[in-house]
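# Structural overview for review
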Amino acid sequence: VDDGVHACKQVCRDGRLVPGAGATEMELAVKIRNFADSCPGLDQYAIRSFSKALEFVPKILAENAGLDASHVLAGLSAAHANGNATAGVDIEGGLDGNT
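Residues numbered from 1 in each chain as written. Predicted model: local features only at pLDDT ≥ 70, side-chain atom pairs only at ≥ 80, totals over all residues. Heavy atoms only, no water.

With that settled, the discussion passes to the pattern of salt bridges. Tallied over the entire structure, the rule returns four salt bridges. Among the ionic pairs, glutamate 27 bridges to lysine 31, the shortest N-O distance being 3.7 Å. Within this pair, glutamate 27 and its partner lysine 31 are both found in helix H2 (residues 23-37), separated by four residues, close to a single helical turn. For glutamate 27, a relative accessible area of 15% puts it in the buried group. Here lysine 52 and glutamate 55 are joined by a salt bridge, their closest N and O atoms 3.9 Å apart. On the basis of relative accessible area, lysine 52 is assigned to the exposed category, the value being 53%. With relative accessibility at 11%, the residue glutamate 55 sits in the buried group. (Salt bridge = Lys/Arg side-chain N within 4 Å of Asp/Glu carboxyl O. Helix = DSSP H or I, 4+ residues; strand = E, 2+ residues; numbered from the N terminus. Buried < 20%, exposed > 50% of the residue type's maximum accessible area, 1.4 Å probe, protein only.)

Shown next, in the form of structure tokens:
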């Protein structure tokens, strides 16, 4: 109960929120991967590796929920590439566009 009260208090103080369920990390991964395409030379490999590392959050969420992580990641990547920045892992259905 205390956590819920403190969360509501914090939202009332500062209304800035980010989507959960791996949506923020997946959106960042897509944006960073697109940025890597514009970088010349060997830097793009380091940037792509960082992008790949961000994908571990939704992957672990999917695995812990007993879902096929590769299927969920493919769906999330497609959703984020199509502009759905709030798509995240839905532990009951696999992919949720309204997270």
